[in-house]
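Spelled out from the first residue to the last, the chains are:
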Amino acid sequence: MLKRLYRWLDLRIGVGEIVEKELTGYLLPRNINEWYSLGSVLLVIFALQVVTGMLLMIYYVPDADKAFKSVTFIMNEVPFGWLIRLCHAVGSNMMVAVLILHMLSTLLMGSYKAPRELNWVTGFTLLALVQGISLTGYLAPWSQLSFWATTVATNSASAVPVLGPYLVEFLRGGKLVGPPTLGRFFALHAAVLPVVIAALIGAHLFLLKRTGISAPPFGREGTANPFEAQQYHYQGHPGGIPFFPNYVLQDLTSISVYFAIFLAVVFFWPGMPFTPDAFVPADPFKTPAHIKPEWYFLANYQTLKIFPSELLGLSVQAAAMTFLALLPFIDRSPERHPLKRPIFLTLVIAGILLWIALSVWGHLS
Ligand code: HEM
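Structural notes, computed from the coordinates. Predicted model, so just to flag it, every value in this text is computed and none were measured. (Residues numbered from 1 in each chain as written. Predicted model: local features only at pLDDT ≥ 70, side-chain atom pairs only at ≥ 80, totals over all residues. Heavy atoms only, no water.)

Once that is clear, we can look at the packing of helix α6 (residues 117–139) against helix α12 (residues 310–325). Closest axis-to-axis distance for the α6/α12 pair is 9 Å, and the angle between their directions is 145 degrees. Contact with α6, carried on its side by Trp120, Val121 and Phe124, involves Met321, Leu324 and Ala325 of α12 and no other residues of that element. Of the residues assigned to the contact of α6 with α12, the class counts are six nonpolar, no polar and no charged. (Axes fitted to C-alpha atoms, helices over the stretch in contact; angles between N-to-C directions. Helix = DSSP H or I, 4+ residues; strand = E, 2+ residues; numbered from the N terminus. Contact = heavy atoms within 4.5 Å. Nonpolar A, V, L, I, M, F, W, Y, C, P; charged D, E, K, R; others polar.)

Residues in contact with the ligand amount to 24 residues; listed here are only the nearest, Tyr36, His102, Gly123, His204 and Ser214. One nitrogen or oxygen atom from the side chain of His102 is found 2.9 Å from a nitrogen atom belonging to the ligand. In this structure, a nitrogen atom belonging to the ligand sits 2.8 Å away from a side-chain N or O atom of His204. Contributing elements (two or more residues each) for the shell around the ligand: α3 (38–56), α5 (81–108), α6 and α9 (179–211). At six residues, the largest contribution of residues to the shell around the ligand is made by α6. Across the shell around the ligand, the residue classes tally to 14 nonpolar, nine polar and one charged. (Near = heavy atom within 4 Å. Polar contact = N/O pair within 3.5 Å; in protein donor to acceptor, adjacent residues only side chain to side chain.)

Attention now goes to the packing of helix α8 (residues 164–172) against α9. Two numbers describe how α8 lies on α9: the axes approach to 7 Å, and their chain directions differ by 75 degrees. Comparing the axis directions of α8 and α9 gives the class roughly perpendicular. Each of Phe170, Leu171 and Arg172 in α8 lies in contact with α9, whose residues at this interface are Pro180, Thr181, Arg184 and Phe185. Here the residues of the contact of α8 with α9 are counted per class, giving four nonpolar, one polar and two charged. (Parallel < 35°, antiparallel > 145°, perpendicular 65-115°, else oblique.)

Take a look at the structure:
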């Protein structure tokens with residue numbers, strides 16, 4: 001039956017040719033490793049966020065008077081509503097975690113280097129957009145946590161010279177966080193950002209297909225990356241392993257490991273994405289004692305606190321982000337093996353330790 005369907009489609013739209021070109025005949029480096037499957041894991045996570053988000057929208061009401069009640073209704077009354085909501089909330093945290101791992105792996109294997117600068121830049125923009133979609137989604141339940149975390153986050157824009165107060169008012173749709181903030185944040189969260197992210201993922205994958213996937217700098221292939229800027233060149237891997245079925249098995253293994261961890265958190269640590277303030281409706285007149293942003297914003301939060309002025313803290317962060325975004329244009333040496341780049345490796349490890357230390361400090365402070 002399946003064979004007949006395949007032949008029917010092949011006669012009409014040449015499915016065989018696509019399978020040969022994109023799957024069985026798409027050859028990957030022989031020394032490819034598990035880290036390359038994180039991109040596929042991210043695709044699955046994004047798809048799951050879209051599906052669970054759509055399901056939540058059936059009962060969620062983006063109105064300041066009704067949002068909290070609608071979320072409570074989803075958790076307590078809608079069949080499996082709790083599961084959908086937990087998958088969405090835990091999934092957003094997991095997506096940031098896997099994004100960071102994917103970024104670190106391309107960083108350490110030097111695959112951001114020429115000719116893949118644009119893969120890095122589109123990826124880095126995706127990281128910023130995913131943080132943006134998480135931040136805007138945080139307000140949706142209209143809890144004390146949502147309300148005050150958004151107040152703190154939008155307030156940091158006030159440090160921008162001259163434009164600061166206007167920027168805060170533009171973000172909030174008023175002087176304070178209120179019903180208009182929920183309207184604009186929800187529009188960004190459920191309509192604008194998902195479309196922009198999907199389009200950018202498309203661009204990221206298009207670039208991958210145009211440059212060809214990099215070979216890991218370990219093992220049998222050379223470690224240097226002799227890029228000739230004279231003309232366009234697709235990096236193929238003759239004699240490599242087929243994407244289908246070989247690497248698809250690796251992708252499926254990584255996706256299964258991801259699901260094991262993800263579902264373990266959903267079922268055994270369902271409180272992970274929430275603090276007690278997430279279960280209290282927003283009250284603009286009652287500031288909770290401890291309002292902290294999500295774990296991946298803790299380092300930014302602490303940086304703002306340790307500098308004598310918010311503007312200085314913001315500028316240091318902007319400089320660090322710009323440096324990272326433009327890294328492929330700054331680090332131009334062709335060497336990709338991490339152990340043959342000792343200064344770079346030391347800086348990466350120091351950067352990771354600093355980020356962890358600031359996050360822990362932000363959590364405890
Ligand atoms: C929603 C977010 C993202 C998705 C869905 C995604 C997906 C993918 C996929 C499927 C690949 C090919 C296989 C692989 O190497 O894993 C890839 C490669 C790549 N990604 Fe991403 N990615 C995302 C975010 C990022 C981020 C945040 C960065 C870095 C800042 C990044 C940098 C790269 C680079 C440099 C490559 C080329 C790797 C090579 O050719 O060896 N990506 N991405």
